[in-house]
Amino acid sequence: MAGRVRRCAYCWGPLRAAARSDARFCTAKCKAAARRRRHHILEAVAIGLWFTQGVETEHVVRCPACGHRFARGHGHRRDAVYCSSVQ
């Protein structure tokens, strides 16, 4: 496979020619960013499941002003108490 350019799994940039055969990322920053993205996606899926199933957790709470349920951290602050800024 001479001439084949191996690519980073996160940014799709080329890997170094001297990189190990099992290397997936071009830098430690790409590896950390991929891990954060993977964690964020898994958390978002879990919150979506909790929200659709009606489960109240630390991430899915009920607004004390209007009674609507909302997910903290995705579209809202992680320490949000109300579903909107209008009270």
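Numbering of residues starts from 1 in each chain and follows the order in which that chain's sequence is written. The model is predicted, so local features are restricted to residues of pLDDT at least 70 and side-chain atom pairs to those at 80 or more, both for listing and for counting; the totals for chains, interfaces and linings are taken over all residues. Excluded from the side-chain calculation are hydrogens and water; included are all heavy atoms of the structure.

Novice: Please provide a residue-by-residue account of the pattern of salt bridges, values included.
Specialist: The salt bridge criterion pairs a side-chain nitrogen of Lys or Arg with a carboxyl oxygen of Asp or Glu, the two atoms within 4 Å. Taken as a whole and judged by the stated rule, the model has three salt bridges. The salt bridge involving Arg20 is made with Asp22; its shortest N-O contact spans 2.9 Å. Judged by relative accessible area, which is 61%, Arg20 ranks as exposed. A 1.4 Å probe rolled over the protein chains alone gives each residue an accessible area, and that area as a share of the maximum for its type sets the label: buried under 20%, exposed over 50%, partly exposed in between.

Novice: Any details on a nonpolar patch on the surface? Residues and values, ideally.
Specialist: A grouping of Ile41, Val45 and Leu49 is seen on the molecular surface, where their side chains present a nonpolar patch of about 250 Å² in accessible area. Every helix listed is a DSSP run of H or I at least four residues long, and every strand listed is a run of E at least two residues long, numbered separately from the N terminus. Tracing the chain through its elements places Val45 in helix 1 (residues 28-53). When its relative accessible area of 49% is taken as the criterion, Val45 is described as partly exposed. The residues that make up patches have over 30% relative accessible area and no salt bridge, and they are joined within 9 Å when like-charged or within 5 Å when they are Val, Leu, Ile, Met, Phe, Trp or Tyr. We get accessible surface area from the Shrake-Rupley algorithm with a probe of 1.4 Å; when it comes to residues, only the shown protein chains can shield them.

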